[in-house]
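# Summary of structural features
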Amino acid sequence: MHHTSLIATIVAGLGLAFIFGAVANRLKLPVLVGYLLAGVIVGPFTPGYVADQELAPQLAEIGVILLMFGVGLHFSVKDLMAVRKIAIPGAAVQIAVATAMGVGLASMLGWTLGAGIVFGLALSVASTVVLLRALEERRLIDTDRGRIAVGWLIVEDLAMVLALVLLPALSGMLGGEAPPPGPGGVAGAFAITIGKVAAFVVIMLVVGRRVIPWILHRIAHTGSRELFRLGVLAIALGVAFGSAALFGVSFALGAFFAGMIMAESELSQQAANETLPLRDAFAVLFFVSIGMLFDPTVLLREPLAVAATLAIIVIGKSLAAYVIVLAFKRPQSVALTISASLAQIGEFSFILAGLGVSLKLLPPDGRDLILAGAILSILVNPLLFAVLDKVLPRLVGRSGEPAAPVAAAQPHGVLVGYGRVGKAVAQGLKDRMLLVVIEDEGERADAVRAAGFEMIQGNAVRPEVLMKAGLAEATHLFVAVPSPFEAARIIEQARAANPQVKIIARAYTDNDVDLLTQMGATHALIGEQEIARGMLALAPRKKAAAVAAH
Ligand code: AMP
């Protein structure tokens, strides 16, 4: 039976996550709650089957790699440089504040200063997976706020890479166990780490930037989709693993760079799509593996300390981030989004806590508190975002940010999505009807404005966005978004709000057409069929003369 423990862990992890995720969804809770609970159940602290505790975190790490790779694909080197000015000081100050609070709590619990520092550092770094999922769900990754949050996370990541290297070197000084000093002591360790990270960045930007897109193009030209998919995966995992093994940077950071370099190639969108299904499956295992580490009895043993830990993560860190972002003269909406995104902790915190305990710097209690803080903050995070979704629209109207245009109170059309489809529709409608365009993504929204249309920026799945566009008075609604699931939700809400409006939607398959008409679409057009129509329009109307004479 021993030989199948990898299979058993995957099956138990995915299977239970599916069941509990579905139950959570049914109860209108975030699915994360279900995944974590599945982890607690296959973990060692609850009776019954116990999944392999060595394998689960490794599987989770694959999820982290693929996620960070995906984020890298949305980033260019230019984007990273653009957010540097706020992300570096922001992350530095936030880490300092969180660490100080951690030291404070630790001294109240009677721990040493060293324990306090490890504890505080562990509370200061947010989880990649939790942050990215939250941003992605709200389609924020490609926005200004999203980029700042990701840049901030990268800086935190780099700081933690340093901390992991320096801790053993500093351990003796901080009152822990001192492993035999390396060459040059603390300063040496510091210099070596910085040197390795710098070498990694330079190699990626100079060599990787040429080689990776070249490989990708070569594979694309083979015409084999299977090879392309494999190539993308091999590059993502290979670079992540190689950079961790050779340069000592984290898997996540390596993967991010691999993605960022691929983003310069026009094949990047395709590359991103190829890794999606695998990525989502492994990201689920990430939550399961965190659940596995959790010993629920700590909630009863030390309720006050747990509450204080959670307060540092959710309130302390958020406040610090909020103040810093405002100090950089960014709008409230940015400050609130960043605070909410970073108000949780995850994978890095466990690694740090584990190292702290093994160096005898951190008491085992500290690790339990960090774990409890992580689970609770991950659970609380979706609630923070839900509050944000409620508060933001009101703030945006007030705080001098570009206020939403008052939608036409006269008959008009509403168009959702200003991409390949929507843009052409908008141009064609310009002289035919008054049009309000809903677009979610920052740059596209700017293009809408530049083209002179009335614009509402936001995700049309949210009812208030549709209402802002004056849907109640609209005669036509054009749904030009690529996802049929989002289209279905948009149409369902639009139909409920306005029984008369004519809804014309974009679809890919007969199934989509059924779904969208069921939700209330008047017409749903299949892209491929429209292409066929276009081809026919370009073909001769009659058979060639010779044949016709026959
Ligand atoms: P394309 O696939 O090129 O036609 O692009 C689709 C456009 O629709 C992109 O600009 C997206 O940002 C936008 N979009 C997709 N989903 C939504 C949504 N739910 N709400 C608003 N805009 C959306």
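Residues numbered from 1 in each chain as written. Predicted model: local features only at pLDDT ≥ 70, side-chain atom pairs only at ≥ 80, totals over all residues. Heavy atoms only, no water.

Another point: unusual backbone geometry. Positioned with a positive phi, lysine 329 is a non-glycine residue whose angle comes to about 65 degrees. Examined against the element boundaries, lysine 329 turns out to sit in the loop between helix H13 (303-327) and helix H14 (332-342). For lysine 329, a relative accessible area of 75% puts it in the exposed group. (Helix = DSSP H or I, 4+ residues; strand = E, 2+ residues; numbered from the N terminus. Buried < 20%, exposed > 50% of the residue type's maximum accessible area, 1.4 Å probe, protein only.)

Tracing the backbone through its elements, the reader meets threonine 309 in helix H13. Contact partners of threonine 309, with chain neighbours within four places excluded, come to Leu105, Phe119, Leu123, Leu369 and Gly373. (Contact = heavy atoms within 4.5 Å.)

Another aspect to go through is the packing of helix H9 (residues 225-247) against helix H10 (residues 251-262). To describe two helices that pack against each other, one gives the angle between their axes and the distance between the axes. Remark: H9 packs on H10, axes separated minimally by 7 Å, with the N-to-C direction vectors making an angle of 135 degrees. It follows from the interaxial angle that H9 and H10 lie oblique. Judged by the twist between their axes, the crossing of H9 over H10 is right-handed. Mapping the contact onto sequence places Val232, Ile235, Val239, Ala240, Phe241, Ser243 and Ala244 in H9 and Phe251, Gly254, Ala255, Ala258 and Met262 in H10. (Axes fitted to C-alpha atoms, helices over the stretch in contact; angles between N-to-C directions. Parallel < 35°, antiparallel > 145°, perpendicular 65-115°, else oblique. Left-handed = near helix turned anticlockwise from the far one by under 90°.)

A word on the nonpolar core. Membership of the largest hydrophobic core comes to 118 residues, with the highest contact counts inside it found for Val150, Trp152, Phe256, Phe287, Leu362 and Ile370. The dominant element in this core, judged by the number of residues it contributes, is helix H7 (residues 144-170), at 10 residues. Excluding anything up to four places from it in sequence, phenylalanine 256 contacts Met68, Phe69, Val71, Gly72, Phe75, Leu80, Val150 and Ile154. By size, the runner-up hydrophobic cluster in this structure holds 28 residues, among which are Val414, Val436, Ala469 and Ala521. (Core = buried A, V, L, I, M, F, W, Y, C linked by side-chain atoms within 4.5 Å.)

Take the side chain of glutamate 439 next. Along the polypeptide, glutamate 439 turns up in strand S2 (residues 435-439). In this structure glutamate 439 is buried but unpaired, with arginine 444 as the nearest side chain of opposite charge at 5.0 Å. A polar contact is formed between the side chain of glutamate 439 and the backbone nitrogen of tyrosine 418, at a distance of 2.6 Å. Of the polar contacts made by the side chain of glutamate 439, one reaches the backbone nitrogen of glutamate 441; its length is 3.0 Å. Residues within four places of glutamate 439 in sequence aside, it is in contact with Gly417, Tyr418, Gly419, Arg444, Ala445, Val448, Met455, Ile456, Gln457 and Gly458. (Lys, Arg positive; Asp, Glu negative; His and termini not counted. Salt bridge = Lys/Arg side-chain N within 4 Å of Asp/Glu carboxyl O. Polar contact = N/O pair within 3.5 Å; in protein donor to acceptor, adjacent residues only side chain to side chain.)

Around the ligand there are 19 residues in total, and Arg420, Glu439, Arg444, Asn459 and Arg506 lie nearest to it. Contacts to the ligand include arginine 420, whose side-chain N or O atom sits 2.8 Å from an oxygen atom. Contacts to the ligand include aspartate 440, whose backbone N or O atom sits 3.5 Å from a nitrogen atom. Broken down by class, the residue content of the shell around the ligand amounts to seven nonpolar, four polar and eight charged. (Near = heavy atom within 4 Å. Nonpolar A, V, L, I, M, F, W, Y, C, P; charged D, E, K, R; others polar.)

Looking now at the pattern of salt bridges. The final tally for this structure, using the stated rule, is 14 salt bridges. One salt bridge in this structure joins arginine 462 and glutamate 464, with 2.9 Å as the shortest N-O distance. Arginine 462 sits in the partly exposed class, given a relative accessible area of 30%. Residue class for glutamate 464 comes out partly exposed when judged on its relative accessible area of 31%.

Across the two faces of strand S6 (residues 523-526) the burial differs, with Ala524 and Ile526 buried and His523 and Leu525 not buried at all. Across four bridges, strand S5 (residues 502-507) lies against S6 in parallel orientation. The residue of S6 that forms the bridge with arginine 506 is leucine 525. Once the chain exits S5 it traverses helix H21 (residues 510-519) before rejoining the sheet at S6, and the crossover so formed is right-handed. (Pairing = 2+ DSSP bridges. Right-handed = clockwise from strand over helix to strand, strands pointing away.)

On to the environment of arginine 145, then. Tracing the backbone through its elements, the reader meets arginine 145 in helix H7. Sequence-wise, arginine 145 and isoleucine 338 are 193 residues apart; in three dimensions their C-alpha atoms are separated by 7.0 Å.

What the domain assignment lists for the protein is domain 1 (53-396) and domain 2 (406-538). Between the C-alpha centres of domain 1 and domain 2 the distance comes to 37 Å. Facing six residues of domain 1, the contacting portion of domain 2 comprises seven residues. In total, domain 1 and domain 2 occlude about 570 Å² of area from one another, counting both sides; carbon and sulfur atoms represent 40% of this. The interface formed by domain 1 and domain 2 includes zero residue pairs in polar contact (both at pLDDT 80 or more). (Domains from an automatic or database assignment. Buried area = accessible area lost by both parts, 1.4 Å probe.)

It is worth spelling out the sheet that holds strand S1 (residues 412-416) at this point. Across the sheet, which stays open at both edges, the six strands sit in the order S3-S2-S1-S4-S5-S6 with parallel pairing between neighbours. Each edge of the sheet is formed by a strand with only one pairing partner; in this case those strands are strand S3 (454-457) and S6. The sheet shows a mean angle of 15 degrees between the axes of neighbouring strands, direction not considered. Where S1 meets strand S4 (residues 474-479), five bridges bridge the pair, whose relative direction is parallel. Each residue of the ladder has a partner; that of histidine 412, found in S4, is alanine 474. Here helix H17 (residues 420-429) sits on the sheet and contacts S1, S2, S4 and S5; the angle it forms with S1, its principal contact strand, is near 160 degrees. Along the sheet face, H21 touches S5 and S6 and points at about 155 degrees away from the line of S5.

Here we take up the environment of leucine 429. As for its placement among the helices and strands, leucine 429 is situated in helix H17. Overall, the relative accessible area of 8% leaves leucine 429 in the buried class. The spacing of leucine 429 and glycine 413 is 16 residues in sequence and 9.0 Å in space, taken between C-alpha atoms. Each residue touching leucine 429, except ones within four places of it in the same chain, is listed here: Leu435 and Phe478.

Next up on the list: H9. An α-helix turns once per 3.6 residues; consequently, residues spaced three or four apart project the same way. Along its 23 residues, H9 runs 32 Å from first to last C-alpha, staying within 8% of the 33 Å computed at 1.5 Å per residue. Buried within H9 we find Phe228, Gly231, Val232, Leu233, Ile235, Ala236, Val239, Ala240, Ser243 and Phe247. Lining the buried residues of H9 we find helix H3 (55-73), helix H8 (185-222), H10 and helix H11 (268-293). Just past H9, the residue glycine 248 takes up positive phi, approximately 70 degrees. (Expected span 1.5 Å × (residues − 1).)

What follows deals with helix H1 (residues 5-26). Over its 22 residues, H1 extends 31 Å from the first C-alpha to the last, a length consistent with the 32 Å expected when each residue adds 1.5 Å. Every buried residue belonging to H1 is among Thr9, Ala12, Gly13, Ala17, Gly21 and Ala24, and all of these are buried. Buried positions in H1, seen along its axis, are confined to an arc of 140 degrees and lie on one side of it. Away from its buried face, by an angle of more than 90 degrees, H1 presents the exposed residues Ile7, Val11, Phe18 and Arg26. (Arc of directions from axis to C-beta.)

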